[in-house]
Structure formats: C-alpha cells, structure tokens
Amino acid sequence: MKLQRQFHFQIEAIKKEINDISKRKDVYKFSEGAQSSMAKEEDEFLSSSVSTLLIEEKDTVDLMKEHVRRLEDLILREKDEQLKVISIVGMGGLGKTTLARKIYRAVKTKFQCHAWVSVTRSFEAKAILRCMLQEFCESKLLPNGVDKMSEDSLRQQISNCLQGQSYVLVLDDIWDSKAWEVVRPALPRNTGGKVIFTTCDETVASPLHDGFQMYKLDFLPYQVARDLFCSIAFKEQNPQGQSPSWLDVFVDDMVRKCEGLPLALVTLGGFMSSSDTNPSRWIRVLDTLSYQLDINPKLKEIKSIFLRRYNHLPPHLKCCLLYCAMFPVGSEIPRDELIRLWVAEGFVIGERQMTLEEVANTYFNELIKCNILQGLFKEENWEIQYCRMHELIHDATVHMLEKEQLGGVIARAEDSASQANRWLAFHGEQLQGRPNLNDWNIRSLHMFVKQRRIPIIDVLFGISLRLLRVLNLRDMEISSLPKDFGDLIHLRYLALGKLLFSSLPSSLGKLYNLQTLYLGQDHPMPLPKEITSARPLRHLLSKTPLSMPSGVGNLSHLQTLDCVEFKDVNVLKELEKLTQIRKLNIHNVIGSEDYGEELSSCIAKMKRLHELKIVCGLKERLKLSSSLSSTPPLLDTMHIDGTMDRLPGWIASLSCLRVMSLSYCKLQEDPLKFLSQLHSLVKLILCDASSARKMEFGNNGQTFSSLEYLELSEMYTLEELGGYRRVS
C-alpha cells in the first residue's frame, strides 16, 4: 500500500506538469506540431531516392566519369593486404551516393565478396550487421537463426565469411562515427578489404587507421553546371539540350543561383522542363524561387539538403546556423565577427579552461566540417577566415527563421516580418522608407543596405529599442550619435560604420554590458575616458588608429585590441594588466627607448597572445628589447612594419610562430638566416625588409622545415639569394 501511494503521487505530479506545459503553450502561443511537421517532412525526403535517380537517369553529361576513374585507380592499385577505407565527403546534393554507386558497380566484380549497406540517421546496429552478412554471403547459405543473433555473433559470422577473401563494402550516408564503430570489428584487416563510405560530416570521416583516405567532392564549374541544367530543362525542345537565345539571361541567373550543386541543377532543370519557353514564366519563377522552394513539392529535394543537416544539429548549433541568414545572400562572413555575434547573443555554452570565443570557434569548425557552411581559405593567416552559405541553403534558412519566429530579413518593399521576431536584418540596394518598428521587441538589428547614408539614428531613437543586444551598422555612414546613446544598457555588440564626426559621446561609458565595439571611422579619433567603465569589453576594433585613454588597464577582459595607439608612455604601461589579450595591433609606435622597452615588457607578460602587429610611426626607428624575460608561448602571427636596426633575439624562440611579415624594416642583417630555425613557420613575407646584398637559407637541412609560402618584394639591394645571383 505504501508503494502504491508513492506511485500515485508521482503520477499525479506528472499529470500536473503536463497540464502546466499545455497552459504555457497557450499563453506563449507556441505553434502546434512545428517540430513534428518538420520531422515528418524530413522523413518523406529521406524515404525517397528521387534525387539519386534523377542524377543517374538524366545525367547526359557524365559528371562522375573522372571521379570514378580516380577512385577506381585508388581502390584497385593497392597491392598490400591491409584494410583501406575511403570516405567520400561533401555537401548534401553533390552526388556522393551516385558516385559511390557507380564506383561500386565498376569494381565489385574484382572482389570475391561485396556488399552495399544504406545507413540511416537512426540506425540499428543489428540491422546493419545482418544486411552486411546477407550481402557478403550472397549465394552461400546463411547461418541458421540470423534474426536472433547478438551483435557479437553477427560480427563473428561476418568475419568468418570474409576470412581469406578479398571484399569491398560501401556504407552509404553515415551520420555518426558510431556506425563505423559497429562495423569495424567485423572486418578482417589483412585480406585486402576496401571500405567506401559517404558522409556530409568531415568529423565522421576522421582518420581511424593508417589505411584511411578522404575524397572530397566539390561544386561543378559553371559551364559544366550550365550544360547539365540545359540538358534537362530543354530536352523536349532539342536533343542537344541547348537553351533558346532569348532565355540565355534567365538560364544564367538560375544556374548561378544553383552555384554548381548537381541536385539543385537537376531538380530545377526538371521543374523548368516543358514546352513553355515564354520569358515571363522564367522571370516569375526566379522572382519567387525562395517561396517556391518552401511550398512546391517538385522542389522539395532542394529543401531536403538543408532539412537533413539542420534537424541533425544539436540545439546550440541550430541557433548559430540560423543566425548566418542575417548576412546577405552570397556574402563572405568573417569568422571572428560571426563568433563575436554568437557570444553576444548567448548561443555559446561555457566550457572549463576555454573562453567563450574558443568554444564558439569549435562551433564554427563543426559547421564547416559538416559541410553546411563553406569555409573560405584566406592567405592572410593561412587558415579559414571566412565562410559563406550556398544561396539556396540561405533561402531555406530564412524560411526556417520565419517559421521558428526567431528572425526576419527585409530585402524588398513588399517584404514583411513578424513582430514576434527577435532578430531583424535589412538587405538590398536601399532602405524602403522609414522602417516602422514600433511595439517590436527586437534584440538584434543588422543593416546591410548599400544606400550608405540614411538617417538611421533618427530611425533608432524615434522608437523604443531599449532591449537591443546587437546593433550592427558596420556598412552605414553615421552623421551623429545622440547624447543618450548610453541608454541602450543591454547592448553587447556595437558596430558603427564610417563616423562623420570627431568625437564619441561620453555616454558610451554607460554600456555596462558591452562586449564588442567596432568603429569604422576613416580618421584618427580618441576614445572617451568613460569607455573604461565598460568592464566586460572583450573586443575593441577600429578601422583607423584610436587613441587610448588612461584607465585602459581596467578592461581586464580585453582579448582584442585592434588598431590603437598610445600617445602616453604611462598609458602604454597599463597594457601589462591586460593578460587576456589574444590579438594586439598597435600603430604609430614611437621608436624611443622608453616606448620600445615598455612595449617589450608588455609583450613578455601576454601569455595568451596569438597575433601581434606593430606599426612604427613615420620617421621613427623601432627599438624593441633584444631579449625578454619570457616570450608569448602561443604567438602564431607576427607583423612588424617600421625601420629597425636588427630583429630582437627573442623572435627566434617563438616555437609556435606560423606567419611572419616584415615590412620596411631596412635591417642591416640577413633576416632569412635569423628566421630559418623557426620550424613552425609556414608563411614568410619580406617587403623592403633588409638592405643586405646577400641572403642565405642556411646549409642545415632542417631550416624552414615547414615553410610553404615565401614572398619577397621591394628588395632593391638584394643581389644574391641562396646561391642564385640577380640577373640585370
């Protein structure tokens, strides 16, 4: 009776909680079945193999021919008996499954056993193993009681079947590395086995053993993409699949929108394939394509590319991904800016011994590796510095934002957004009238309007936006800031474009929650002393040098100090208190002994410094200390711009330095000989860096052991480089 009574109370508590949840749903007006409908929609996409069939049946231009040849050569040329794993990686819709099927058909007869296994997102280990056993055994008799076998028994049966046999196995569409962990113990490693698996996520395709190799698919070149699209869209008009001349402009626009994604090209080509070649239809489809992707069942395969990846992401990455839609379609989004925005919005979950920015950087890398964002390699730091979103994925993301009632994008006069939205972005050529934001509770406002000069401040302060966390006016020209600007006390991220005034209001000091401040003025400007009251400030960036006030040492959370100058050596000394600095960019450094010594002392105490840039004042000679008590152990990138007698000796001890740039240093010595022992150095740029007539790489075979890029420019006095003389 006592136990029954306890159960009774527990059941009553659960019922009460369910009733409370139901009431809260009504109070906060959550839409019914939003998530379930998305999951249902995705299941419909996953249950059909239309996309693969479309590409295979209508592939009149054999896009996979070269890939098949390379992979076939890679699989069959290996003579050793060790297990080899090849992972085909790329964004959804690039044709990974199609390629895997083609290569499977091409090579399976060369092996004694072969198997094709499709892996779903919610896979069952026993089902995968049973399918493998049935495929490998083929004509052989299956062992009795296969359906009742345990995982270990199934693995043992597979291993017995493959002993002494060459085999090829294809695992299609792996979402989780656990699927490989299920399969791997069943595969003999010394019979010349080959495993091919397809995945969107590069983290799943991580090196698991010595025989691993990644094969990454990329987008189609424009002309190939256009040929594929036309071969499908105009197949009824002519066998060659050529577009009528009066449709060329519209065809080009549609092909560019697909951005070389085969699935999008095939699906849109099929959608447009009819005898109707009236330009008005093409114009109508192009103008409403974003809407069509959301409602038209004939285009559902394109939407599935996004939905499959989106629904698989954890909640914090979903928010981060959706936020990328705030940026204009096709734009290159700076990694550091995106990370700061994510932190300001509160998307980042803190981890021990890691800053929020470092955790956010792992989020960025995860979205790049799962191929839902495209990483753009930039040479400045020899790593991915930007990302972009495929145009059709961007359209799907905007629709998802609106469905979730998180944000809206206004690009045209007829566009509208729900007042429930918390994020709002304006895109397009110009602002259509004065945006009426009354009664909105916006948390983030982004202005990406090409009409640079608009009375934006009047727009902002004619309404109530006191709850703003993010205000991004990076592309705007700002004529003035009101005195009560500091009343935006919840502001965490503030980016102001070109400032058409000479001083900032002291009310900035009232922004007690400010984490990031970016100023895009094109003339030097002093910071108000009151800014030192913004203790949470983590990133201070400027387009032109900012003069730092006294009290900067109070900003103990600063991680980025970009494009600043110190006109007072006593203010420079306060840098020693900023022990969290990751990036330091100082301009107009005076080359006196005091400044050089103080700057060197500050650098020695910055244990977390990753990037350092020093620009010497005109007609000044930079004099850094020749030795330091300690050096920044994590320093990765270093730029020195200014006249120097010689490089300080402590630079040679920077074991993590990957990128080094010396500009207009006019050194009397050979910098190559000095820098040759930096074994981590990947990129070296020398611009008028030395007046030496001869420069040597050194005789030791270990010199510049990691160097990949060397640039020499304006080296007018140089006559001989590494044994090679200049030919006049």
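Residues numbered from 1 in each chain as written. Predicted model: local features only at pLDDT ≥ 70, side-chain atom pairs only at ≥ 80, totals over all residues. Heavy atoms only, no water.

**Let's talk about the overall build of the protein chain**
- From N to C terminus, the protein chain includes 22 helices and 28 strands.
- When each of the 728 residues of the protein chain is scored for burial, the buried share is 52%.
- Pairs at least 24 apart in sequence give 58% of the contacts found in the protein chain among residues at least 6 apart.
- Accessible surface, the protein chain: about 34,200 Å² in total, of which carbon and sulfur atoms supply 49%. (Helix = DSSP H or I, 4+ residues; strand = E, 2+ residues; numbered from the N terminus. Buried < 20%, exposed > 50% of the residue type's maximum accessible area, 1.4 Å probe, protein only. Contact = heavy atoms within 4.5 Å. Areas by Shrake-Rupley, 256 points an atom, 1.4 Å probe, with all protein chains shown as cover.)

**Overview of the pattern of salt bridges**
- Across all of its chains, the model carries 26 salt bridges by this definition.
- A salt bridge links Asp 645 to Arg 621; its shortest N-O distance comes to 2.9 Å. A residue pair is termed long-range when its members are at least 10 positions apart, and Asp 645 in the loop between strand E22 (643–644) and strand E23 (659–663) and Arg 621 in strand E20 (residues 621–622) qualify at 24 residues.
- The closest approach of N and O atoms between Glu 696 and Lys 694, which form a salt bridge, is 3.5 Å. (Salt bridge = Lys/Arg side-chain N within 4 Å of Asp/Glu carboxyl O.)

**Here's the deal with the nonpolar core**
- Counting 99 residues, the largest nonpolar core has Phe 229, Trp 282, Phe 306, Leu 321, Trp 342, Leu 367 and Leu 373 as the members making the most contacts within it.
- Element by element, the count of residues in this core is highest for helix H11 (residues 262–272), at 7 residues.
- Apart from residues lying up to four places away in sequence, Phe 306 is in contact with Leu 321, Leu 322, Ile 372, Ile 393, Ala 396, Thr 397 and Met 400.
- One finds Ile 442, Leu 519, Ile 581 and Met 638 within the second-largest nonpolar core, a separate group that totals 85 residues. (Core = buried A, V, L, I, M, F, W, Y, C linked by side-chain atoms within 4.5 Å.)

**Here's the deal with the environment of Ile 640**
- Within the element layout of this structure, Ile 640 appears in strand E21 (residues 637–641).
- Among the residues examined, Ile 640 registers a relative accessible area of 2% and is labelled buried.
- Residues within four places of Ile 640 in sequence aside, it is in contact with Ile 614, Leu 622, Ile 651, Ser 661, Leu 662, Ser 663 and Cys 665.

**Some points on a nonpolar patch on the surface**
- Together, Leu 3, Phe 7 and Ile 11 make up a nonpolar patch on the protein surface, roughly 300 Å² of accessible area in all.
- Mapped onto the elements of the fold, Leu 3 is located in helix H1 (residues 2–28). (Patch = residues over 30% accessible without salt bridge, like charges linked within 9 Å, V, L, I, M, F, W, Y side chains within 5 Å.)

**Looking at helix H17 (residues 356–369)**
- Over its 14 residues, H17 runs 20 Å from end to end, which matches the ideal 20 Å to within 8%, given 1.5 Å per residue.
- When we look at burial in H17, the residues that qualify are Glu 357, Val 359, Ala 360, Tyr 363, Phe 364, Leu 367 and Ile 368.
- One or two steps after H17, the chain reaches Asn 371, where phi turns positive at roughly 60°. (Expected span 1.5 Å × (residues − 1).)

**Here we look at the packing of aromatic side chains**
- Per the counting criterion, the structure on display carries 11 aromatic pairs.
- Aromatic rings pair up to connect Phe 229, Phe 234 and Trp 282 into one cluster.
- Lys 318 extends its terminal NZ or CZ atom over the ring of Tyr 310, reaching a point 5.1 Å from the ring centre.
- Cation over ring: Lys 683 sits above Tyr 709, and NZ or CZ is 5.2 Å from the ring centre. (Phe/Tyr/Trp six-rings, centres within 6.5 Å; stacked < 30°, edge-to-face > 60°. Lys NZ or Arg CZ within 6 Å of the ring centre and 35° of its normal.)

**Some thoughts on the pairing of strand E4 (residues 194–199)**
- In terms of burial, E4 is a largely internal element, 6 of the 6 residues being buried.
- The alternating pattern of E4 places Lys 194, Ile 196 and Thr 198 on one face and Val 195, Phe 197 and Thr 199 on the opposite face, and all of these are buried.
- Sheet analysis places strand E1 (residues 84–89) next to E4, joined by 6 bridges and oriented parallel. Bridge assignment links Ile 88 to a residue of E4, and that residue is Thr 198.
- By the bridge criterion, 4 bridges tie strand E3 (residues 167–172) to E4 in an arrangement that is parallel. Its bridge partner being in E4, Val 170 is matched across the sheet by Ile 196. (Pairing = 2+ DSSP bridges.)

**Structural notes on the confidence of the model for the protein chain**
- Per-chain confidence: the protein chain averages 83 in pLDDT, with 86% of residues scoring 70 or above.
- Within the model, pLDDT remains below 50 along residues 32–61, and this stretch shows 43 contacts once partners closer than five positions in the same chain are excluded. (pLDDT = per-residue confidence, 0-100.)

**What to know about the layout of surface pockets**
- If you add up the space inside the largest pocket, you get close to 1,400 Å³.
- Lining the largest pocket we find 36 residues, and of these Asp 336, Arg 340, Gln 385, Lys 583 and Glu 611 sit closest to its centre.
- The set of elements that each furnish at least two residues to the lining of the largest pocket consists of helix H16 (335–345), H17, strand E8 (383–388), strand E16 (539–547), strand E17 (560–565), strand E18 (583–589), strand E19 (611–616) and E21.
- For the lining of the largest pocket, the leading source of residues is H16, giving 5 residues.
- A breakdown of the residues in the lining of the largest pocket according to their chemical character gives 7 nonpolar, 13 polar and 16 charged. (1 Å grid on protein atoms, 1.4 Å probe; cavity = no way out; pocket = protein on both sides within 12 Å on 5 of 7 lines; lining within 4 Å. Points joined across faces, edges and corners; volume = space filled by probe spheres on them. Nonpolar A, V, L, I, M, F, W, Y, C, P; charged D, E, K, R; others polar.)

**So, the sheet that holds E1**
- Strand order in the open sheet formed by 5 strands is E2-E3-E4-E1-E5, with parallel pairing between adjacent strands. Two strands in the sheet have a free side with no partner beyond their single neighbour: strand E2 (113–118) and strand E5 (212–216). Strand-to-strand twist in this sheet, taken as the mean axis angle between neighbours without regard to direction, amounts to 15°.
- On the sheet, helix H4 (residues 65–76) packs against E1, E4 and E5 and is oriented at approximately 160° with respect to E1.
- Sheet strands in contact with helix H6 (residues 125–137) are E2 and E3, and its direction is about 150° off that of E2. (Axes fitted to C-alpha atoms, helices over the stretch in contact; angles between N-to-C directions.)

**Observations regarding the environment of His 312**
- One can find His 312 in helix H14 (residues 300–312).
- Taking the relative accessible area as the measure of exposure, His 312 reaches 28% and is therefore partly exposed.
- For His 312 and Trp 175, which are 137 residues apart along the polypeptide, the C-alpha to C-alpha distance reads 8.5 Å.
- Reaching out from His 312, the side chain makes a polar contact with the backbone oxygen of Trp 175 at a distance of 3.5 Å. (Polar contact = N/O pair within 3.5 Å; in protein donor to acceptor, adjacent residues only side chain to side chain.)

**Here's the deal with the packing of helix H10 (residues 248–258) against helix H18 (residues 391–403)**
- With their axes 6 Å apart at the nearest point, H10 and H18 run at an angle of 75° to one another. By the angle between their axes, H10 is roughly perpendicular relative to H18. Residues Arg 256, Lys 257 and Cys 258 of H10 lie in contact with H18, whose contacting residues are Glu 391, Leu 392 and Asp 395.
- Taken together, the residues of the contact of H10 with H18 break down into 2 nonpolar, no polar and 4 charged. (Parallel < 35°, antiparallel > 145°, perpendicular 65-115°, else oblique.)

**A closer look at the packing of H16 against H17**
- Where H16 meets H17, the closest approach of the two axes is 9 Å, and the angle between their N-to-C directions is 115°. As for how H16 packs across H17, the hand of that crossing is right-handed. Contacts between H16 and H17 involve Arg 335, Leu 338, Ile 339, Trp 342 and Val 343 from the former and Leu 356, Glu 357, Ala 360, Asn 361, Tyr 363, Phe 364 and Leu 367 from the latter.
- Looking at the contact of H16 with H17 residue by residue, the classes come out as 9 nonpolar, 1 polar and 2 charged. (Left-handed = near helix turned anticlockwise from the far one by under 90°.)

**Structural notes on the environment of Lys 605**
- In this structure, Lys 605 sits in the loop between helix H21 (593–604) and E19.
- Put simply, Lys 605 and Gln 580 are 25 residues apart on the chain and 10.0 Å apart in space, counted from C-alpha to C-alpha.
- If near-sequence neighbours (up to four positions away) are discounted, Lys 605 is found in contact with Glu 576 and Thr 579.
- In terms of polar contacts, Lys 605 uses its side chain to reach the side chain of Glu 576, at 3.0 Å.

**Brief notes about the pairing of strand E14 (residues 516–519)**
- Neither face of E14 is open: one carries Thr 516 and Tyr 518, the other Leu 517 and Leu 519, and all of them are buried.
- As judged from the 4 bridges shared by strand E13 (residues 493–499) and E14, these two strands associate in the parallel manner. Following the sheet pairing, Tyr 493 is matched in E14 by Thr 516.

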